[in-house]
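One letter stands for each residue in the lines below.
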Amino acid sequence: MQKSDPRKEIDWNDVRKHKYGHLSESASQYQEATDILELGHFTWDKYLKETCSVPAPVHCFKQSYTPPNNEFKISMKLEAQDPRNTTSTCIATVVGLTGARLRLRLDGSDNKNDFWRLVDSAEIQPVGNCEKNGGMLQPPLGFRLNASSWPMFLLKTLNGAEMAPIRIFHKEPPSPSHNFFKMGMKLEAVDRKNPHFICPATIGEVRGSEVLVTFDGWRGAFDYWCRFDSRDIFPVGWCSLTGDNLQPPGTKVCIYLNKNGSTGPHLDKKKVQQLPDHFGPARASVVLQQAVQACIDCAYHQKTVFSFLKQGQGGEVISAVFDREQHTLNLPAVNSITYVLRFLEKLCHNLRSDNLFGNQPFTQTHLSLTSTEYSHSHDRYLPGETFVLGNSLARSLEPHSDSMDSTLNPTNLVSTSQNLRTPGYRPLLPSCGLPLSAASAVRRLCSRGSDRYLESRDASRPSGRDPSSWTVEDVMQFIREADPQLGPHADLFRKHEIDGKALLLLRSDMMMKYMGLKLGPALKLSYHIDRLKQGKF
C-alpha cells in the first residue's frame, strides 16, 4: 500500500499564486493545470475574481496534498464496504475510472447500485484483507440469488479473476483536526445525485462539524449537508491535477419535443403524444438520458432503438427490455446542448423520425404546412446542415469521429448529407408539384397502415390485462397514464424493478422510505394502486 511522499507534497497555496507572486519550484509544474482550469469558457482564476470569492484552503479537506495515482484497471476485483449496509464487506469489480476515483459494482448486485470511491479510501481493500482480519465476505444487500448459493457464487466470481494488487492501494489521508471551513469558500464537490460529476461549489453554511455544500448556478436543487472531513469535497484545482472532469457551473439545457413531427416506422405516435413537451432544464447528460429513454419507451420494439446505440463512458444509464431480459447501456458524457442535439439528430435519422427534437418550443402547426414548407422545416435539422442555437449561434452538424458519436452504431449511420437526401429519409409527403388536396390524400394513405399497427398494439396495453402479469415497462406506462404529473416518477419504478406483482404490494410509506418519493406523489400513487386492486382503473 502506497504512502504519500512528504518531499513531493504540493503547497496548494503556492499553486494558486499565479500572477500574484513567485511559485515554489515544486508547484511550478502544476501552475497552469491548477491555476487556470479551462472547461469551455470556465476558468477558476477568472471565476474567483468575478465572484470575489476565495478558495477553501487545502488543510480544510480530508484529501492528500498530492493526489494519489490511479493504477486500477477495468474488471479488477477488490473488497469494498457495501454502501447500503456498511457492516458488510463484499467483493466488488471496477467498472469505471475517472481521475483518482473508481466506479465499483458489488458482485451479485446490479448496475443500479454502482458507487464511487477514491483510490485512497479506507473502504476499499485488496482481496484477502477481510479474511486476514478474521472477517467473512458477505453477499451485497439485495443479492439476486438465494443466500445459500453465496459461497459457490463467490468461488466462481473469484476463479480466474484479476485481483487488484496491494501496491496500487493507498493509505487514507488523516482528517483535519477540526472544521476550518467558513461560509462563502469555494471548492469542488461530488454531485451526489449524479456522482460521476464533480462541480464548482460554495460553502453555504457551517454548523458544528457539518457544512452545507451548495452547487453554483443550481438554486439548491443538488445541495447537501456533509461532515467537514467528507471524501466527496475537494480543494479548488483538484480535478485538473487528477484528470477528472469538472462540470462548469449551472450548465442547464432544455430540449423540446415535436409531437406533430414524423415518428417514423419504429416509434408509437400515441406513446409520443403522452411524453412531456420538453426535457429539462437540467444537466446535458440528464436531458440526453431522458430523451433517449423516451425513444426507447415509445418504440414498438425496444430492441430496435437499443441496437442503434453503443456503450459510452461517463454518461447516464438507459435501459430496454427485450428477449425477456433487461439490457442497460451508458450514454456518453455530454456538457452542451450542441452535443445533445447532434446525438439525438443522428439517432432519430436512424429511426427515420426526423425533426422530433429541437432547442426551441415547436409551434405545433407542422401538419397544416404546405408540402414545400414541410420539406424546409424537415430539412432544418439534417446532419451536415446548419441549425440555429439560440438567436444567432449556428453550429455545423457534419458527422465527427469523436467519442460521443462512436456511441451510435456506425453501421446504421448515414455518412453524408447527400445520402440523407435519398427517398428513404424524406417525409411521407408528395413533392411541391402536387396540389394540397393530393398531399392530404397521400397523407391519409400513408397513415392507414400505421393506424392499423397502432390499433393492434392497443390489445397489449397493460390496462386490459391482469396487473399481476405486468412487466416493469407496463407499470411505468400505468403510472404515466394514471396521472401525467406522476410521469417524472416512472423511472423510479424501473430503477427499483417494480413489476406488476411488486406494484400491488406497494404502500405509501414504502415508496417514501425506499424510493425517496415525497408525501404527495406517494399518496397519489397509493390511490391509483388501490383503484387498480379494486378493478376500477
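None of these values were measured; they are calculated from a predicted model.

### Quick word on a nonpolar patch on the surface
Taken together, the side chains of M512, L519 and L523 present a nonpolar region at the surface, about 260 Å² in accessible area. Tracing the backbone shows L523 in helix α19 (residues 519-533). Classification of L523 by relative accessible area gives partly exposed; the value is 46%.

### Considering the confidence of the model for the chain
When pLDDT is averaged along the chain, the result is 75; 72% of the residues meet or exceed 70. Of all secondary-structure elements in the chain, the lowest mean pLDDT belongs to strand β16 (residues 386-389), at 28, while strand β10 (residues 233-234) reaches the highest, 97. Per-residue pLDDT stays below 50 along residues 365-405; that stretch engages in 89 contacts with residues further than four places along the chain or on separate chains.

### Describing helix α6 (residues 150-158)
Those residues of α6 that fall on the buried side of the exposure criterion are W150, L154 and T157. All buried residues of α6 lie within an arc of 65° about the axis, which places them on one face of the element. Within α6, the exposed residues directed more than 90 degrees away from the buried face are P151, L155 and K156. Taken together, the buried residues of α6 touch β1 (77-82) and β2 (85-98).

### Details of the sheet that holds strand β3 (residues 101-106)
Pairing between sheet strands relies on hydrogen bonds along the backbone, with the strands arranged either parallel or antiparallel. If you trace the five strands from one edge of the open sheet to the other, you get β4-β3-β2-β1-β5, paired in antiparallel fashion. The sheet terminates laterally at β4 (115-118) and β5 (124-125), the two strands that pair on one side only. Relative to β4, β3 is paired through four bridges, and the arrangement is antiparallel. Each bridged residue has a counterpart across the sheet, and for R101 the counterpart in β4 is L118.

### Some details on the packing of helix α9 (residues 284-297) against helix α11 (residues 337-351)
Contact geometry of α9 with α11 gives a least axis separation of 10 Å together with a crossing angle of 15°. The pairing of α9 with α11 is recorded here as roughly parallel in orientation. For the crossing formed where α9 meets α11, the hand is right-handed. Counted together, A284, V287, L288, A291 and V292 of α9 and V340, F343, L344 and L347 of α11 form the full contact between these two elements. For the contact of α9 with α11, the class distribution of residues is nine nonpolar, no polar and no charged.

Conventions and cut-offs
Residues numbered from 1 in each chain as written. Predicted model: local features only at pLDDT ≥ 70, side-chain atom pairs only at ≥ 80, totals over all residues. Heavy atoms only, no water. Patch = residues over 30% accessible without salt bridge, like charges linked within 9 Å, V, L, I, M, F, W, Y side chains within 5 Å. Areas by Shrake-Rupley, 256 points an atom, 1.4 Å probe, with all protein chains shown as cover. Salt bridge = Lys/Arg side-chain N within 4 Å of Asp/Glu carboxyl O. Helix = DSSP H or I, 4+ residues; strand = E, 2+ residues; numbered from the N terminus. Buried < 20%, exposed > 50% of the residue type's maximum accessible area, 1.4 Å probe, protein only. pLDDT = per-residue confidence, 0-100. Contact = heavy atoms within 4.5 Å. Arc of directions from axis to C-beta. Pairing = 2+ DSSP bridges. Axes fitted to C-alpha atoms, helices over the stretch in contact; angles between N-to-C directions. Parallel < 35°, antiparallel > 145°, perpendicular 65-115°, else oblique. Left-handed = near helix turned anticlockwise from the far one by under 90°. Nonpolar A, V, L, I, M, F, W, Y, C, P; charged D, E, K, R; others polar.

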